[in-house]
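Breakdown of the fold
What follows is the residue order along each chain.
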Amino acid sequence: PIPLPPSVRWLSETDWAEAWKSGYSVQHIGRCLVIKPSWLTYAATRGQVVIELDPGLAFGTGLHPSTRLCLAALEDYLQCGDQVLDVGTGSGILSIAAAKLGAGGVIALDIDDTALEVARENIIRNGVQDLILLRRASLGPLTEPRGEDDPVEIFNASGAWDGTFDLLLMNILPDVVARSAEAIAACLAKGGIFIVSGIIQSQEKLVREALTAAGLVIKECRVLENWIALIGHSSVDNTL
């Protein structure tokens, strides 16, 4: 058969920003997490933790396997009252989940202004603004430094946050995770948990080696649709 010629239709920016919503529905992740798009209604049942989300143009809808891996691991590992660091917060989905699951406080980092604005709106939408602090910052040096008119803070440049966090979340590019390994180790309390994802299988070795070289202990590897999350902890005796 002769293939039909493709049809082309120009979409305005508004159309593009809104059209995807037709395929975004309520999601159930882990044992109790529910991601509810802000424009839909949902009657929660007892024990469910509902996150109302409008990701806009920021990463973090809950649809991507790497985000789902992080959310499920967060549900398993977070302890009530934990201090949490969310690196590359995007839509704020992981920070909001941590706050609603019982974190004592969350600091959420991103270098993108659009992501920070979207995250701020979602945090307020979920009523957890008293628990989450947004910072325009990177955990480690950027590969392409911004100009003087667009500076990005290096979050732990002074070492003030050494040993502060009980749990660290990082759902980002594998090379960024690897480059940030020493900073991850510095920020974690003794025995503190890290959950890092956004890793494709071909890049797992790179990330594993960087985390291990920084003295971090990898205890678990979870896989979903060829995406990987590595879960582990800092050295308990802090001698590595």
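Computed from a prediction, not measured in an experiment: that's the story for all the values here. Positions within a chain are numbered from 1, following the residues in the order the chain's sequence is written. Residues qualify for local features only when their pLDDT is at least 70, as the model is predicted, and side-chain atom pairs are given and counted only at 80 or more; totals for whole chains, interfaces and linings, by contrast, use all residues. By convention in this description, side-chain values take in all heavy atoms of the structure and omit both hydrogens and water.

A few points about the packing of aromatic side chains
- Within 6.5 Å between ring centres, the rings of Phe, Tyr and Trp (the latter by its six-membered ring) count as paired, and their orientation is classed by plane angle as stacked under 30 degrees, edge-to-face over 60, tilted in between. On inspection of all chains with the given rule, the structure shows 3 aromatic pairs.
- A centroid spacing of 6.2 Å and a plane angle of 45° characterise the contact between F155 and F165, whose relative ring orientation is tilted. Here F165 lies in strand β8 (residues 165-171) and F155 lies in the loop between β7 (153-154) and β8, a separation of 10 residues in the sequence.
- For every residue, the accessible area (1.4 Å probe, protein chains only) is compared with the maximum for its type, and the residue is labelled buried under 20%, exposed over 50%, or partly exposed between those bounds. What makes F155 buried here is its relative accessible area of 3%.
- Accessibility expressed as a relative area gives 2% for F165, which makes it buried. Think of it this way: any DSSP run of H or I at least four residues long counts as a helix, any run of E at least two long counts as a strand, and we number them from the N terminus.

What about the pairing of strand β4 (residues 83-87)?
- A large share of β4 lies buried, amounting to 4 of its 5 residues.
- DSSP-based pairing: two strands are paired if at least 2 bridges between them are found. Across 5 bridges, β4 lies against strand β5 (residues 105-110) in parallel orientation. Paired with L85 across the bridge in β5 is I107.
- Chirality of the crossover, the property in question, places the unit of β4, helix α3 (residues 93-100) and β5 among those that are right-handed.
- Across 4 bridges, β4 lies against β8 in parallel orientation. The residue bridging D86 from the neighbouring strand is L169, located in β8. Viewed with both strands pointing away, a crossover whose connecting path from the first strand over the helix to the second turns clockwise is right-handed.

Observations concerning the nonpolar core
- Core analysis: the biggest nonpolar cluster contains 34 residues, and I35, L71, V84, I132, L167 and I195 have the highest contact counts within it.
- With 6 residues, α3 is the single largest residue contributor to this core.
- Working rule for contacts: check all heavy atoms of both residues, and any pair within 4.5 Å makes them a contact. What L71 contacts, discounting residues up to four positions off in sequence, is I29, L33, I35, I93, L94 and A97.
- Residues belong to one nonpolar core when they are buried, are Ala, Val, Leu, Ile, Met, Phe, Trp, Tyr or Cys, and are joined through side-chain atoms within 4.5 Å. In this structure, L109, I184, A210 and A214 belong to the second largest nonpolar core, which totals 29 residues.

Overview of the pairing of strand β11 (residues 227-233)
- Of all 7 residues making up β11, 6 are buried, and the element is well covered by its neighbours.
- One ladder, built from 7 bridges, connects strand β10 (residues 217-224) with β11; its direction is antiparallel. Across the sheet, the residue bridging to I218 is G232, located in β11.
- Count of turn residues in the β10/β11 antiparallel hairpin: 2 residues, of which E225 carries a positive phi of about 50°.

With respect to the environment of L211
- Mapped onto the secondary structure, L211 falls in helix α7 (residues 204-213).
- Here L211 falls in the buried class, since its relative accessible area comes to 0%.

A word on the sheet that holds strand β9 (residues 188-200)
- Pairing within the open sheet is mixed, and its 8 strands lie in the order β7-β6-β5-β4-β8-β9-β11-β10. Each edge of the open sheet carries a strand with a single partner, namely β7 and β10.
- Both β9 and β11 contribute to a ladder of 6 bridges, which runs antiparallel. Note on β11: the bridge partner recorded for I195 is I231.
- Axis angles are defined between N-to-C directions and span 0 to 180 degrees, where every axis is a line fitted to C-alpha atoms and, for a helix, only to the segment in contact. Where helix α4 (residues 113-125) meets the sheet, its contacts fall on β5 and β6 (132-138), and the angle it forms with β6 comes to roughly 175°.

Some thoughts on the pattern of salt bridges
- The rule for a salt bridge is simple: a side-chain nitrogen of Lys or Arg has to be within 4 Å of a carboxyl oxygen of Asp or Glu. Counted according to the given criterion, the structure contains 10 salt bridges.
- One salt bridge connects D175 with R179, and the closest N-O pair in it is separated by 3.7 Å. You can see D175 and its partner R179 sitting in helix α5 (residues 174-179), 4 residues apart, about one turn around the helix.
- The exposure class of D175 is partly exposed, given its relative accessible area of 40%.
- Its relative accessible area of 38% is what places R179 among the partly exposed residues.
- The partner of R222 in a salt bridge is E220, with the nearest N and O atoms 2.6 Å apart.

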